[in-house]
Amino acid sequence: MTMATEGSLGAAVQTDQTAFDAVRRAKQKDIVFATGGLIVMAIAMTLLLTLIGDLVIRGAARIDYGFLTSYPSRLPERAGILSAWVGSLLVMLVTAFLAIPIGIGAGLYLEEYARKGWLSNFIEINVSNLAGVPSIIYGLLALGLFVYGFSLGKTILVAGMTLALLILPIVIVSTREAVRAIPRIIKEGAYGLGADQWQVMWSYIIPAARPGILTGAIVGLSRAIGETAPIITIGALTFIAFLPPAPVTPDFPLISFAWLNDGFTVLPIQMFNWVSRPQEGFHIAAAATGVVLIALTFTLNGIAIWIRYRLRKGYRN
Amino acid sequence: MRTLTLTAIALVLPAFAFAQDAVQVDGSSTVFPVSEAFAEEYQIATGNRVVVGVSGTGGGFKKFCRGETSFSGASRPIKTEEAELCAENGIEFLEMPVAMDALAVIVNPDNPLTCMSVEELKTAYETEAQGKIDNWNQLNPEYPDQTLTLFGAGTDSGTYDYFTFAVIGEEGASRGDFTATEDDNITIQGVSTDPDAIGFLGLAYVEENRGRVKPLEISYDGGECVEPSTENAASGTYQPLTRPLFMYVNKAHLDEMPNVEDFAKFFFDPAHAIDLVASTGYLALPEAAFVAAEEKLAARKTGSFFDGGSKVGVTPADLLAAN
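Analysis parameters
- Residues numbered from 1 in each chain as written.
- Chains lettered and ligands numbered in written order.
- Predicted model: local features only at pLDDT ≥ 70, side-chain atom pairs only at ≥ 80, totals over all residues.
- Heavy atoms only, no water.
- UniProt positions renumbered as here; feature names shortened; annotations may be inferred.
- Helix = DSSP H or I, 4+ residues; strand = E, 2+ residues; numbered from the N terminus.
- Rg over C-alpha atoms; globule rule 2.2 N^0.38 Å.
- Buried < 20%, exposed > 50% of the residue type's maximum accessible area, 1.4 Å probe, protein only.
- Contact = heavy atoms within 4.5 Å.
- Areas by Shrake-Rupley, 256 points an atom, 1.4 Å probe, with all protein chains shown as cover.
- Lys, Arg positive; Asp, Glu negative; His and termini not counted.
- Charge placed at Lys NZ, Arg CZ, Asp CG, Glu CD.
- Phe/Tyr/Trp six-rings, centres within 6.5 Å; stacked < 30°, edge-to-face > 60°.
- Patch = residues over 30% accessible without salt bridge, like charges linked within 9 Å, V, L, I, M, F, W, Y side chains within 5 Å.
- Salt bridge = Lys/Arg side-chain N within 4 Å of Asp/Glu carboxyl O.
- Buried area = accessible area lost by both parts, 1.4 Å probe.
- Polar contact = N/O pair within 3.5 Å; in protein donor to acceptor, adjacent residues only side chain to side chain.
- Nonpolar A, V, L, I, M, F, W, Y, C, P; charged D, E, K, R; others polar.
- Domains from an automatic or database assignment.
- Core = buried A, V, L, I, M, F, W, Y, C linked by side-chain atoms within 4.5 Å.
- Disulfide = S-S within 2.5 Å.

Looking up chain B in an unreviewed UniProt entry gives the name Phosphate-binding protein, with the organism given as Harenicola maris. Quoted verbatim from the Function (unreviewed entry) heading of the UniProt record, the comment on chain B is "Involved in the system for phosphate transport across the cytoplasmic membrane." What the UniProt record of chain B gives under Sequence similarities (unreviewed entry) is the line "Belongs to the PstS family."

1. Considerations on the overall build of chain A
Each helix and strand counted, chain A has 11 helices and 0 strands in total. In sequence order, the secondary structure elements of chain A are arranged as α-α-α-α-α-α-α-α-α-α-α. Relative to the globule expectation of 20 Å for 317 residues, the C-alpha radius of gyration of chain A, 27 Å, shows a markedly less compact shape. Over its C-alpha atoms, taken along the principal directions, chain A stretches across nearly 105 × 60 × 40 Å. A total of 317 residues make up chain A; the buried ones form 41% of that total. Pairs at least 24 residues apart make up 76% of the contacts formed inside chain A by residues separated by at least 6 positions. In the form shown here, chain A has an accessible surface area of approximately 17300 Å², with 71% of it arising from carbon and sulfur atoms. Between the averaged position of the 23 positive side-chain charges in chain A and that of its 17 negative side-chain charges there is a distance of 3 Å.

2. Observations concerning the packing of aromatic side chains
Residue and element names in this part refer to chain A. A complete count under the given rule lists 23 aromatic pairs over all chains for this structure. The interplanar angle of 10° and the centroid separation of 6.3 Å between the aromatic rings of Y109 and Y113 together place this pair among those described as stacked. Remark: Y113 and Y109 occur in helix α3 (residues 82-113); sequence separation between them is 4 residues, near one turn of the helix. Assessed through its relative accessible area of 37%, Y113 is described here as partly exposed.

3. Considerations on a nonpolar patch on the surface
A cluster of nonpolar side chains, contributed by L38, M41, M45, L48 and L49 of chain A, occupies part of the molecular surface with about 500 Å² of accessible area. Residue placement: L48 of chain A occurs in helix α1 (residues 2-59).

4. Re the interface of chain A and chain B
On the side of chain B, 36 residues touch chain A, which itself brings 31 residues to the contact. Buried area between chain A and chain B, both sides added, is near 3100 Å², and the carbon and sulfur share of it is 59%. Here chain A is connected to chain B by 6 salt bridges. Here chain A is connected to chain B by 17 residue pairs in polar contact (both at pLDDT 80 or more). Contributions of two or more residues to the side of chain A that touches chain B are made by α3, α10 (267-275) and α11 (280-316) of chain A. Examining the composition of the side of chain A that touches chain B, we find that 3 residues originate from one element, α3 of chain A, more than from any other. Within the side of chain A that touches chain B, the residues separate by chemical class into 17 nonpolar, 9 polar and 5 charged.

5. Focus: the domain arrangement of chain A
Residue and element names in this part refer to chain A. Parsing chain A into structural domains produces domain 1 (21-62) and domain 2 (66-315). Of note, the centres of domain 1 and domain 2, computed from C-alpha atoms alone, are 31 Å apart. Taken together, the contact pairs 6 residues of domain 1 with 14 residues of domain 2. Summed over both sides, the interface between domain 1 and domain 2 buries roughly 790 Å², with carbon and sulfur atoms accounting for 72% of that surface. The largest contributions to the domain 1 side of the interface with domain 2 come from L55, R58 and R62, which together make up 74% of the buried area. At the surface where domain 1 touches domain 2, the tally comes to 0 salt bridges. If you look at where domain 1 meets domain 2, you find 2 residue pairs in polar contact (both at pLDDT 80 or more). Grouping the amino acids of the side of domain 1 that touches domain 2 by side-chain chemistry returns 3 nonpolar, 1 polar and 2 charged.

6. Focus: the nonpolar core
Ranked by size, the top nonpolar core spans 85 residues in total, and within it Y125 and I198 of chain B carry the most contacts. Of the residues forming this core, the biggest block, 11 residues, is contributed by strand β4 (residues 93-107) of chain B. In this view, Y125 of chain B contacts L150, F151, F163, I168, S174, R175, F178, I198, G199 and F200 of chain B; residues no more than four positions away in its chain are not counted. Counting 53 residues, the second largest nonpolar core, distinct from the first, contains V86, V91, Y138 and A286 of chain A.

7. A word on the side chain of T297 of chain A
All names here are of chain A. Here T297 lies in helix α11. Judged by its relative accessible area of 18%, T297 is buried. Among all residues touching T297, those that are not within four sequence positions of it are S222 and I225.

8. Brief notes about the pattern of salt bridges
Tallied over the full model, the rule gives 28 salt bridges over all chains. E112 of chain A serves as the salt-bridge partner of K187 of chain A, at 3.4 Å between the closest nitrogen and oxygen. Of the two residues, K187 of chain A is situated in helix α7 (residues 184-192) and E112 of chain A in helix α3; the sequence distance between them amounts to 75 residues. Given the relative accessible area of 30%, K187 of chain A is considered partly exposed. Where E68 of chain B meets R66 of chain B, a salt bridge forms, and the shortest distance between an N and an O atom there is 3.0 Å. Salt bridges sharing partners connect three or more residues here, namely E92, K251, D255, E261 and R300 of chain B.

9. What to know about the state of the cysteines
Residues and elements named next belong to chain B. Within this structure, the stated rule accounts for 2 disulfides over all chains. Put simply, C65 and C86 are joined by a disulfide, and their sulfur atoms are 2.0 Å apart. Across the S-S bond linking C65 and C86, the dihedral sits near -75°, which makes this disulfide left-handed. One end of the pair, C65, is in the loop between α4 (56-64) and β3 (71-74); the other, C86, is in helix α5 (residues 80-88), with 21 residues separating them in the sequence. Since its relative accessible area comes to 0%, C65 is described here as buried. Taking relative accessible area as the criterion, C86 reaches 0% and is therefore assigned buried. The cystine pairing of chain B, numbering bonded cysteines in sequence order, is 1-2, 3-4.

If you want it as structure tokens, here you go:
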């Protein structure tokens, strides 16, 4: 009896031991993985913060009212980025107006209406591939098609159209993913209650997918605002010391689209030009431009996060 | 729907809103500081608009010979095939020298070397050197046994074109395995941190970075060692790395567009042009050259003096003759 008890006790102790070992090993792996992850994250964040910090340290002091309201100049201390930030803003406006509605429309159609088959698979693969095409390719396409093919010239409109093409795949893919992530129950429940496809779309799918769609749109715009290569390719200017005509006019019809046809420059081009100049003063101005560009991108992202938060709250209630 | 309407409006607009009143300048990034200075001062003085793009010398000529731009900056004379393209499109042009620029060869301040011959530079950078020349003593047995690290301007720049032409003898014929960059500040950075390094770039970059890098004197054709400086470039003694910078002007635009002619007159008015060019770090041509340029402009004398490419040993006096 004692033997047996001892034996079973021994076995139990042994099982406990292996179980403990297994748990300990698992925990060790966990710690190794977590530490690895932490190190990688620390490296990434340090790099990013160093870059931003370096820009801010060198450039922040240069940013003042005069810098934001002056035109570029041959004298570093007189130079400003007025034409560049206005140009960036107007180009973004055109890009947003074109890419967001078209991208969302295409995404919703592909996900909800298009018949699934080899054709839609083919389109899906191509849209995903387009998202990875280098931006200069879009610049070359736009130069051949918009600038020379349609004779639109090197204008804000063409730049906006080019960047819209560039971010269209991002908007389409994120729209589709947002729609795909909606629980089936919502859709089927609506159909079960007798709603037709349009009603389901308008009242359930679009509201539920809105935060995801919006994120995609903003990610796209944030990418577009920093693009230099396609804009240089289509022939953006480097020195421009006047602003396009205002979009709002005092006379009827109060809105003017003449600005669409003006030459322009954008922040990344201005920065690129100053970085390659010999004078230290221009390098500082370039760093300051970088800070403004980053601030603009953060603001865009911040607005997106805020809207998404508001929408999510609205949807849950 | 709103987007559709907008797009429709946008597509129709160019038809009647294409009256671009600004004077269009494009071309070389080397000439850009000069164009920018004139565009800025002209706009302040007159209120007329001038815009400047940077497409490089070659890219600038492509647009210029299509009639898209009125002025094209160039860090080398127009090439035969570019002039032919202009002729095909019926574009006549005036070739106006605006400044002299010098290229400098730089080493690390710790390097005791002070002078190098053009032949040694050729040995270091020519096509045959690829993968073989990697030690200073291969350039000259008297140099130390020390690794050689090469920097230089990128292949898209006029600086690279002129350096290879002047030093190696054929434009574009250099080894491919050196650190080539379109941004001369990278060359400064590289040479200032590497005691083995040598590089070449525009003289203006050396002036701004005195102490961080050391410019070498250059001996040409067995001659004396000459220091790279604006004075030596002006006198024509710093050879072969002194080169003229040009502004090409579309003749038809001069005749038909009053603001183009007005800006051209401003550009070559010796009263302020000399100071403006000098303020950009380049070497302004002597007053006589600007007076000659004004006359050339008034007479509308077209065509290129340089017959299809760079020349070594051009002095401001030659440019005066070109006018």
